[in-house]
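These are the residues of each chain, in order.
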Amino acid sequence: MRSATMFGRRRPHLLVAAAVCVVLMLVAAFGVRTFVARPFHIPSASMAPTVQPGDVVLVDRTARGTAERGELVVFDGRGYFEPTDEKGAGGALGGQFWLKRVIAIGGDRVTCCGADGRITVNGEPIEEPYLAAGVAPSEITFDLEVPEGRMFVLGDNRADSTDSRHLLGAPGGGMIPVERVMGRADRVVWPLSRAGEL
């Protein structure tokens with residue numbers, strides 16, 4: 001009788017301990033998603049061939065609020081990039097988040113195109129090995145200076161990407177505040193056949 005009573009007293013403690021463990025795991029998962037890494041499902045072909053529709057990319061959240069030329073970044077495009085369809089959405093949650101490549105940052109002069117047909121940044125043509133064979137760097141011409149604290153972004157699939165080129169007359173001129181960067185896309189994690197570093 002005494003052992004049954006003791007067991008009865010222990011059971012609530014086991015339930016409390018289990019509940020605390022579950023809560024701690026949920027808090028840890030939230031912390032990782034918010035501050036360390038977050039997966040994003042890619043719904044469009046705007047970043048092909050680098051990233052394909054259906055891929056899941058892992059975004060390094062420790063790089064939020066930063067941007068370097070050539071990086072793939074996920075950013076919050078609300079108020080700047082307003083998709084009219086799925087074309088170029090490059091992100092999840094109804095187009096709020098976009099995945100694009102940083103071509104130029106604040107203070108850079110970006111031009112399309114130079115005499116050799118390449119995009120230039122500060123007068124120097126940039127190498128773009130991620131473009132598919134036969135794809136032109138841009139069919140749209142531009143010549144502008146990126147304001148401080150902003151970035152000029154393009155999709156790798158230049159023929160099927162809504163990006164800074166298309167929004168030059170929109171609020172912000174299609175150039176996104178760097179503070180809107182959610183993080184840097186570093187890896188494809190799904191499907192496993194395509195998993196690897198970007």
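Computed from a predicted structure; not experimentally measured.

What counts and how
Residues numbered from 1 in each chain as written. Predicted model: local features only at pLDDT ≥ 70, side-chain atom pairs only at ≥ 80, totals over all residues. Heavy atoms only, no water. pLDDT = per-residue confidence, 0-100. Helix = DSSP H or I, 4+ residues; strand = E, 2+ residues; numbered from the N terminus. Contact = heavy atoms within 4.5 Å. Polar contact = N/O pair within 3.5 Å; in protein donor to acceptor, adjacent residues only side chain to side chain. Disulfide = S-S within 2.5 Å. Buried < 20%, exposed > 50% of the residue type's maximum accessible area, 1.4 Å probe, protein only. Pairing = 2+ DSSP bridges.

Some points on the confidence of the model for the chain
Then, number 1: Averaged over every residue, the pLDDT of the chain is 81; residues scoring 70 or more account for 75%.
Then, number 2: Confidence scores differ between elements of the chain, with helix α1 (residues 2-36) showing the lowest mean pLDDT of 48 and strand β6 (residues 120-121) the highest of 97.
Then, number 3: The low-confidence segment residues 19-35, where pLDDT is below 50, has nine contacts with residues more than four positions distant or belonging to other chains.
Then, number 4: Between residues 84-93, whose pLDDT stays under 50, and residues either more than four places distant or in other chains, the model counts 29 contacts.

Looking at the side chain of E128
Then, number 1: Summarising the element assignment, E128 is placed in the loop between β7 (124-125) and β8 (142-145).
Then, number 2: Of note is the side chain of E128, whose polar atom sits 2.6 Å from the side chain of R158.
Then, number 3: Setting aside anything within four residues of it in sequence, one finds E128 in contact with I103, I119, P137 and R158.

Section: the state of the cysteines
Then, number 1: Counting across every chain of the model gives one disulfide.
Then, number 2: Through a disulfide, C112 is tied to C113; the S-S separation comes to 1.9 Å. On the S-S bond that ties C112 to C113, the torsion sits near -65°, and the link is left-handed.
Then, number 3: With relative accessibility at 28%, the residue C113 sits in the partly exposed group.

Describing the sheet that holds β6
Then, number 1: Strand order across the open sheet formed by four strands is β7-β6-β5-β8, with antiparallel pairing between neighbours. The outermost strands of the open sheet, each flanked by one partner alone, are β7 and β8.
Then, number 2: One ladder, built from two bridges, connects strand β5 (residues 109-112) with β6; its direction is antiparallel. Considered in β6, the bridge of V110 is made with V121.

Observations regarding unusual backbone geometry
Then, number 1: Here C112 and C113 are connected by a cis peptide whose omega angle stands at -5°.
Then, number 2: Residue P191 is reached from W190 by a cis peptide bond, and omega for that bond is 0°.
Then, number 3: In this structure, P191 sits in the loop between β11 (181-190) and β12 (196-197).
Then, number 4: Positioned with a positive phi, N122 is a non-glycine residue whose angle comes to about 55°.
Then, number 5: Take N122: it is sitting in the loop between β6 and β7.
Then, number 6: Residue classification places N122 among the partly exposed residues on the basis of a relative accessible area of 42%.

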